[in-house]
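Spelled out, the chains give:
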Amino acid sequence: MGGYLIYFAIIILVPLWAQMKVKGAYSKYSKIPSSTQMRGAEVARRILDENGLFNVGVEETRGHLTDHYDPRSKTVRLSAANYQGHSVAAAAIAAHEVGHAIQDNQDYAFLRFRHALVPVANLGSNFSWILIMIGFFAGLSGMVLLGIIFMAAAVVFQVITLPVEFNASNRAMDQVVSLGIIRNDEERETKKVLNAAALTYVAAAAVAVLELLRLILIYTGMTRSE
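The structure displayed is predicted, hence computed values, not measured ones. (Residues numbered from 1 in each chain as written. Predicted model: local features only at pLDDT ≥ 70, side-chain atom pairs only at ≥ 80, totals over all residues. Heavy atoms only, no water.)

The subject of this paragraph is the sheet that holds strand 2 (residues 68–70). Taken in spatial order, the 3 strands of this open sheet run 1-3-2, and their pairing is mixed. Whereas interior strands pair on both sides, the edge strands pair on one side only; in this sheet they are strand 1 (57–61) and strand 2. Here the average twist between neighbouring strands, direction ignored, is 30 degrees. Both strand 2 and strand 3 (residues 75–79) contribute to a ladder of 3 bridges, which runs antiparallel. If you follow histidine 68 over to strand 3, its bridge partner there is arginine 77. Strands strand 1 and strand 3 of the sheet are contacted by helix 2 (residues 40–50), whose axis makes an angle of about 160 degrees with strand 1. (Pairing = 2+ DSSP bridges. Helix = DSSP H or I, 4+ residues; strand = E, 2+ residues; numbered from the N terminus. Axes fitted to C-alpha atoms, helices over the stretch in contact; angles between N-to-C directions. Contact = heavy atoms within 4.5 Å.)

This next bit is on the layout of surface pockets. Space inside the largest pocket adds up to approximately 390 Å³. Around the largest pocket, the lining is made up of 16 residues, and of these Val22, Leu65, Ala197, Thr200 and Tyr201 lie nearest the centre. Listing elements by their share of the lining of the largest pocket, those giving two or more residues are helix 1 (2–29), helix 4 (88–105) and helix 7 (187–225). Ranked by residue count, the leading element in the lining of the largest pocket is helix 7, at 5 residues. Along the lines of polarity and charge, the residues of the lining of the largest pocket split into 8 nonpolar, 4 polar and 4 charged. (1 Å grid on protein atoms, 1.4 Å probe; cavity = no way out; pocket = protein on both sides within 12 Å on 5 of 7 lines; lining within 4 Å. Points joined across faces, edges and corners; volume = space filled by probe spheres on them. Nonpolar A, V, L, I, M, F, W, Y, C, P; charged D, E, K, R; others polar.)

Okay, the nonpolar core next. Judged by nonpolar contacts, the single largest core of 35 residues is most densely connected at Val43, Ile47, Leu48, Val76 and Ile181. Counting residues per element, the ones that place at least two in this core are helix 1, helix 2, strand 3, helix 4, helix 6 (141–178) and helix 7. The dominant element in this core, judged by the number of residues it contributes, is helix 4, at 9 residues. In terms of nonpolar packing, the next biggest core, distinct from the first, is built from 10 residues, Ile132, Val144, Ala208 and Tyr219 among them. (Core = buried A, V, L, I, M, F, W, Y, C linked by side-chain atoms within 4.5 Å. Buried < 20%, exposed > 50% of the residue type's maximum accessible area, 1.4 Å probe, protein only.)

Our focus in this paragraph is the packing of aromatic side chains. Scanning all chains against the criterion turns up 1 aromatic pair. When the ring centre of tyrosine 108 is taken as origin, the NZ or CZ atom of arginine 171, which lies over that ring, is 5.5 Å away. (Phe/Tyr/Trp six-rings, centres within 6.5 Å; stacked < 30°, edge-to-face > 60°. Lys NZ or Arg CZ within 6 Å of the ring centre and 35° of its normal.)

Taken as a whole and judged by the stated rule, the model has 11 salt bridges. For glutamate 50, the salt bridge goes to arginine 46, with nearest N and O atoms at 3.5 Å. One end of the pair, glutamate 50, and the other, arginine 46, are both in helix 2, 4 residues apart, so they sit about a helical turn from each other. For glutamate 50, a relative accessible area of 48% puts it in the partly exposed group. Overall, the relative accessible area of 31% leaves arginine 46 in the partly exposed class. A salt bridge links aspartate 107 to arginine 112; its shortest N-O distance comes to 2.8 Å. (Salt bridge = Lys/Arg side-chain N within 4 Å of Asp/Glu carboxyl O.)

Right under this line is the structure:
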């Protein structure tokens, strides 16, 4: 019983801790203006143009920290605070999303793999638990195994996301430094924003892997008792 309590504490507290780190870093550095006073939209456009990505658009989107790159429409979408803002945080996030656009343009292998996994990962996320619960209640180990296989696809997606996100952040740092978008003394602050954001992906992947391993152990126990 104690082991289960520790397990559930981990899968609940780790993501919450990661979210708090992101919100804390963003809240702090969104109040610190960058030395160039460039808005997030200007940072994104500057990096895109310097890399010859004139076909990639930059748009404002609704929500808080809803920033993303859409490979289908070739568009970097920034939340209002980062699109209009001229803070260190806005520059970091804008550069990160452009990092994904650069990955897309250069056919970055992990990004391509992640895109290919999207349909399977969505299917796994939506149906794995249904199959697993039916299998548990009906005592059908084969159904549980099928659910675990679907869940494994979603977990692989989470794990593949890690190199994609870290690579985008590395590209972001290279761009903002080489183009003079931030000063030397702002590099540390920019890295803190990017590292905090990366923690959410690490936490999500860690929790997903732990849950998959737990279910595999339960399935192994079921098959032994049959």
